[in-house]
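# Reading the structure
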Amino acid sequence: MKRSFLDRLKTNGLLAIAGAIVLLLGIPLYQLLLLAPQGYSEAFNATGTNISNSFLLWISGHTGLFIGYRLLLALAFALLLTFPFTLFRIIVAQEILEGSQLDDTEEEDDEDEDDEDEDEDEELTIKDNPATPLASTEKKASEEANGMPDFAWRGKGFAIIAAWSGLIGLGCIVVGTLFSMIYIAGSAAGFTAQTAVPANFIWLVSLLTILTNTVGGGLMALSTLFFGAMIARRGLRLWPRNWLFFGYAALAVAALYSGSAVAVASAPGQGQAALTTPAILLFALWILWFGLMLVRLKPE
């Protein structure tokens, strides 16, 4: 494994750990220590929806706390934006390594056969041997320039879908969280008990909720499903035991995220479903696991 590639993996691992810690500790502590004493939960659940008059009234008096909460949530997912393509590169590199090991075995078998009739076929063997020093040098230079061989992505369609789904899904969550924060805080500015909820408020907030928890969560479900399947299908033949368990855990994350996405789509006015918080917490634990494995990688 190249040193520069390993350094990038460890850096992305630290980002993953930071994002996971914010989701697992930062958000709950913020809710417990800052929001709960100010009556956030009571205002949020006053009428069973997050678009009630009491909720807007609470935000108008605690705008800073509300913005801080949403910014912290957006930051947690923003720290994870490097995760999808980091895992994609690991999967591709691992499969390339397996392929190279198979090629080495085949080359050793060929060399044994060639040694038996070396005197007869020496000229032909030298001419047709693809592993010449020039070819090896060009391949090495290409790997050093790009971190991975050229066209390493070929034949990795599911991994590519997983990587892009994860990146777009995380982007939707970050953008939806920030836009809803701006719109809700703006609508709550100057809001009083006698103020009516803006006419377009309900469907706009519902639309942003769908973008965040249905589109974003659904794409994260697709991403974790394909990543988990890519790892699990090769099993211990390719992956160490801890990485294999990591792949199986991804399937559980995908199940929770998909259930949350469907539930939110059926009732977007609720803001989130019963499965949304468990899905995020399990995803955060999964990401923490991923980050810890990355920072513990060592060069071969």
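Residues numbered from 1 in each chain as written. Predicted model: local features only at pLDDT ≥ 70, side-chain atom pairs only at ≥ 80, totals over all residues. Heavy atoms only, no water.

## Some words on the packing of helix H10 (residues 241–266) against helix H11 (residues 276–295)
Where H10 meets H11, the axes come as close as 9 Å, and the angle between the chain directions of the two elements is 155°. Accordingly, the angle class assigned to the pair H10 and H11 is roughly antiparallel. The hand of the H10/H11 crossing is left-handed. Contacts from Asn-242, Trp-243, Phe-245, Phe-246, Ala-249, Ala-250, Ala-252, Val-253, Leu-256, Tyr-257, Ser-260 and Val-264 in H10 reach Thr-276, Pro-278, Ala-279, Ile-280, Leu-282, Phe-283, Trp-286, Trp-289, Phe-290, Met-293 and Leu-294 in H11. For the contact of H10 with H11, the class distribution of residues is 20 nonpolar, 3 polar and no charged. (Axes fitted to C-alpha atoms, helices over the stretch in contact; angles between N-to-C directions. Helix = DSSP H or I, 4+ residues; strand = E, 2+ residues; numbered from the N terminus. Parallel < 35°, antiparallel > 145°, perpendicular 65-115°, else oblique. Left-handed = near helix turned anticlockwise from the far one by under 90°. Contact = heavy atoms within 4.5 Å. Nonpolar A, V, L, I, M, F, W, Y, C, P; charged D, E, K, R; others polar.)

## So, a nonpolar patch on the surface
On the surface, Ile-21, Leu-25, Leu-29, Leu-32, Leu-33 and Leu-34 cluster together into a nonpolar patch covering about 570 Å² of accessible area. In this fold, Leu-29 is placed in helix H1 (residues 3–35). (Patch = residues over 30% accessible without salt bridge, like charges linked within 9 Å, V, L, I, M, F, W, Y side chains within 5 Å. Areas by Shrake-Rupley, 256 points an atom, 1.4 Å probe, with all protein chains shown as cover. Salt bridge = Lys/Arg side-chain N within 4 Å of Asp/Glu carboxyl O.)

## Remarks on helix H4 (residues 63–78)
If you check H4, its first and last C-alpha atoms are 22 Å apart, about what 16 residues at 1.5 Å a residue would give, namely 22 Å. Inspection of H4 places Phe-66, Tyr-69, Arg-70, Leu-73, Ala-74, Ala-76 and Phe-77 among the buried residues, and these make up the whole buried set. Buried residues of H4, seen end-on, are gathered within an arc of 155° and therefore sit on one face of the element. (Expected span 1.5 Å × (residues − 1). Buried < 20%, exposed > 50% of the residue type's maximum accessible area, 1.4 Å probe, protein only. Arc of directions from axis to C-beta.)

## Details of H10
Under the 1.5 Å per step criterion, the end-to-end length of H10 is 39 Å for 26 residues, consistent within 8% with the ideal 38 Å. Of the residues making up H10, those classed as buried are Trp-243, Leu-244, Phe-246, Gly-247, Ala-250, Val-253, Ala-254, Tyr-257, Ser-260, Ala-261 and Val-264.

## Some details on the packing of aromatic side chains
Going through the model one piece at a time under the given rule, you end up with 21 aromatic pairs. Relative to Phe-290, the ring of Trp-243 lies with its centre 6.2 Å away and its plane at 90°, an arrangement referred to as edge-to-face. Taken together, the positions of Trp-243 in helix H10 and Phe-290 in helix H11 put the pair 47 residues apart, joining distant regions of the chain. Per residue, the accessibility class of Trp-243 equals that of Phe-290, and both read buried. Ring pairing ties together the aromatic residues Phe-83, Phe-227, Trp-239, Trp-243, Phe-246, Tyr-257, Phe-283, Trp-286, Trp-289 and Phe-290, which thus form one cluster. (Phe/Tyr/Trp six-rings, centres within 6.5 Å; stacked < 30°, edge-to-face > 60°.)

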